[in-house]
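Take a look at the letters that make up each chain.
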2 protein chains.
Amino acid sequence: MEKNIPYKIYLEESEMPKQWYNMRADMKNKPAPLLNPGTLEPMKAEELQGVFCDELVKQELDDTTPYFDIPQEILEFYKMYRPSPLVRAYCLEKALDTPAHIYYKFEGNNTSGSHKLNSAIAQAYYAKQQGLKGVTTETGAGQWGTALSMACAYFGLDCKVYMVKCSYEQKPFRREVMRTYGANVTPSPSETTNVGRKILAEHPGTTGSLGCAISEAVEDATTHEGYRYVLGSVLSQVLLHQSVIGLETKAALDKYGIVPDLIIGCAGGGSNLGGLIAPFMGQKLRGEQDYRIIAVEPASCPSLTRGKYAYDFCDTGMVCPLAKMYTLGSGFIPSPNHAGGLRYHGMSSVLSQLYDDKLIEAVSVEQTAVFEAAEKFARTEGILPAPESSHAIKVAMDEAMKCKETGEAKNIVFGLTGTGYFDLVAYESFNNGTMTDYIPTDDDLAVGFAGLPKVDR
Amino acid sequence: MEKNIPYKIYLEESEMPKQWYNMRADMKNKPAPLLNPGTLEPMKAEELQGVFCDELVKQELDDTTPYFDIPQEILEFYKMYRPSPLVRAYCLEKALDTPAHIYYKFEGNNTSGSHKLNSAIAQAYYAKQQGLKGVTTETGAGQWGTALSMACAYFGLDCKVYMVKCSYEQKPFRREVMRTYGANVTPSPSETTNVGRKILAEHPGTTGSLGCAISEAVEDATTHEGYRYVLGSVLSQVLLHQSVIGLETKAALDKYGIVPDLIIGCAGGGSNLGGLIAPFMGQKLRGEQDYRIIAVEPASCPSLTRGKYAYDFCDTGMVCPLAKMYTLGSGFIPSPNHAGGLRYHGMSSVLSQLYDDKLIEAVSVEQTAVFEAAEKFARTEGILPAPESSHAIKVAMDEAMKCKETGEAKNIVFGLTGTGYFDLVAYESFNNGTMTDYIPTDDDLAVGFAGLPKVDR
């Protein structure tokens, strides 16, 4: 073990970021604007304010202000679980016998189990500031819903979560965490909304979908006084809040004079990757420093590597604004055999533009290989990783093995977004050898592409 | 929030304990020795060495050496998850509106989810040093088995866990964590041991018991070359390893000049409480400083508050040495409605002697009140606590409310031993309002007492 770099780097309170960084301010090619699905015109603030909190609408639309002060109340909440450690993976390096130096930023040391809490607390704060009664959202496996329920409990906000019915029934533990934090968790589709009742009437036995849950959450927020809808990924505001991950990472690396060669993160909607890379990309955009940045996505849901860069619906219910992004089409149905998150059909507009400008790379990996990497990581580094995070682990390990061949001592940094304590059904199938891989055929993808809206922008 | 005391106190690497502290060295009345169940004579080292590793036998029998150097390899492993934070519960204090200052030592920030890893890594280390192939153990809910499987994965040791069959079937997630770390997990009773086969022949439908699992693990260790049996609580060696909790806590408090008035810990077998209080009790035993120390146990399994101080079997299979302890009798059957651990019929010999000498107090609490405290803690401090740890939370909150009445700004320190991510069935019954309390009647206790062995010592 090297003497100068500690196993874990924790920032001092005085070294913690006090502002979020907005990558868009330094982008020459700005991400395309959200469009009104009716008029196909860019969404105006007043159109968005019925759905989102006023301050969050401002953040969403602002692509010129580089820094936003983090409100004091959020900084106070951060103290519960931040700074997160930047860990030097000494044990993994030894097990791989690689000259590479591997670092990971571990965001799982909080009860929500992931980085999602960083944006949940910000969104809950602005809702509270606006004097709202509460917020609504949807959740699939429950990571985002858990984070939001914790944030709402802290600020005394009502929290209504529409949870995809099959998850509600099959993953009761996440549901109970949310309920312990006081959230009202409703299986979706439900009888409480028009869209839910309509879907139930048409498909009485349906187990729900994320698209339907989004539609119910939006309807609930827009039809109840004092409520707004919040979302845990994809949006530019979420990437802004998540920039705290990258800012802490950079401060920790700078403290020890470490310059990363490679920055790797898993990417579903893009909130983690967008947050992790933010200040590094800022340097890259300003021409101060170059880094290789790799987005890792599942081969079963390959929006960057096999998607189209086009305007699309953000939800399958088609109630949300259109966003320009790398997408598989909102009608793309991810494989049911895929474990964990990263199943979103599209990618953050910010990351999509950066990818289109060749400022980041993307690779896709198959899930059994991902779980092999997860198992190796757990046994050497101690932490049981979330399946999502394990996509980044897999590629970090691959890159470290390339270093072994070339003898290069590259600095590899990856985001360990969360823990896998609620993903043990997936680990069980891996342990039993029954896990399978799935790669959609071109014909499978064609179905999703066929549903893309016609937008000439 | 006060400016001088950080929300979380993390020790620097240079401030970390390098030695474990053995409370027994400073005890005037030593804990009574383990007895051979056949001869009723004190167990000799050579009798114990067939079951336990040589170095651990030395630690078990040594009641005079105050400090043991922590081996370098264990200090290296500690870096993965230690120091654990000492947290000032500012948010909980505010919610209770108490003048008390509440601190908790949080041991749950590792994949095993609890303090058990502190002894698991030590026991695995000594097994490796002795050149053994592996270790065997039993586990109920799986906290100890998980910790041990992580430690064995790190040292490349074989790990055989006999898991009580009903837990194996009803709590598959802990089982899968253990398997991910490479442990061989067998539902107990099993066909792999004589005692297992005997029990299965007599009771074909049995779902097992901890006593039976211990017997199988001991038989497996003693009948296979290169294996020894390891245990996660009760033993004096385990308290020695767990002293790292208290040593870190004391170093963190000393750093800020904080002197606790009250130290509170949950107590099942006693490993957490014994570790947390170790250096404080040392001062108390040497007459340097006085502290109030409170052991909290469940009303459903009240070994200190309602048990007898007597020699008893450590296991229901009666294959282990006899230990003098506060006990409900090895035949006592804890209520099936009780959530989480703390269900052991006896208490560590060290803590039992300290209690008999009136150096620690004990209280028992009922589980719905414990879960009310757990919910309040989760909502204010963010962490979803383990049911075991929540016993200590409940009493810390009660004591803080007494301070509110008297206006005293007492320093209350408690042990937050772990997280509740694998205890959500219990949280669900609390959330649904179906959780019930259970207090054994005197007649219930008489059954256990009737089975105490006759020992005139």
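Residues numbered from 1 in each chain as written. Chains lettered and ligands numbered in written order. Predicted model: local features only at pLDDT ≥ 70, side-chain atom pairs only at ≥ 80, totals over all residues. Heavy atoms only, no water.

## Section: helix α15 (residues 367–381) of chain A
All names here are of chain A. Between its terminal C-alpha atoms α15 stretches 20 Å, which fits the 21 Å expected from 15 residues at 1.5 Å a residue. Within the span of α15, buried status applies to Gln367, Thr368, Val370, Phe371, Ala373, Ala374, Phe377, Ala378, Thr380 and Glu381. One or two steps after α15, the chain reaches Gly382, where phi turns positive at roughly 90 degrees. (Helix = DSSP H or I, 4+ residues; strand = E, 2+ residues; numbered from the N terminus. Expected span 1.5 Å × (residues − 1). Buried < 20%, exposed > 50% of the residue type's maximum accessible area, 1.4 Å probe, protein only.)

## Section: the interface of chain A and chain B
Opposite the 43 residues of chain A that make contact, chain B presents 43 residues. Linking chain A with chain B are 2 salt bridges. Glu428 of chain A is the salt-bridge partner of Arg175 of chain B, the closest N and O atoms lying 2.8 Å from each other. On inspection of chain A and its partner chain B, the count reaches 24 residue pairs in polar contact (both at pLDDT 80 or more). For the side of chain A that touches chain B, the secondary-structure elements that each account for two or more residues are α6 (143–155), α8 (172–180), α15 and α17 (424–431) of chain A. For the side of chain A that touches chain B, the class distribution of residues is 21 nonpolar, 9 polar and 13 charged. (Contact = heavy atoms within 4.5 Å. Salt bridge = Lys/Arg side-chain N within 4 Å of Asp/Glu carboxyl O. Polar contact = N/O pair within 3.5 Å; in protein donor to acceptor, adjacent residues only side chain to side chain. Nonpolar A, V, L, I, M, F, W, Y, C, P; charged D, E, K, R; others polar.)

## Side note on the domain arrangement of chain A
Accessible area lost upon the coming together of the parts serves often as the stated size of an interface. Residues and elements named next belong to chain A. Considered domain by domain, chain A is made up of domain 1 (28–69 + 116–229) and domain 2 (83–113 + 236–450). Domain 1 and domain 2 are separated by 23 Å when their C-alpha centres are compared. Contacts between the two partners involve 37 residues from domain 1, matched on the other side by 31 residues from domain 2. Across the interface of domain 1 and domain 2, roughly 3,000 Å² is buried in total on both sides, 58% from carbon and sulfur atoms. (Domains from an automatic or database assignment. Buried area = accessible area lost by both parts, 1.4 Å probe.)

## Side note on the sheet that holds strand β7 (residues 158–164) of chain A
Residue and element names in this part refer to chain A. What the 4 strands build is an open sheet, ordered β8-β7-β6-β9; its pairing is parallel. In this open sheet, the two strands that pair with only one neighbour each are β8 (184–188) and β9 (227–229). The sheet shows a mean angle of 25 degrees between the axes of neighbouring strands, taken without regard to direction. Across 5 bridges, β7 lies against β8 in parallel orientation. Its bridge partner being in β8, Lys160 is matched across the sheet by Asn184. Where α8 meets the sheet, its contacts fall on β6 (134–139), β7 and β8, and the angle it forms with β7 comes to roughly 170 degrees. (Pairing = 2+ DSSP bridges. Axes fitted to C-alpha atoms, helices over the stretch in contact; angles between N-to-C directions.)

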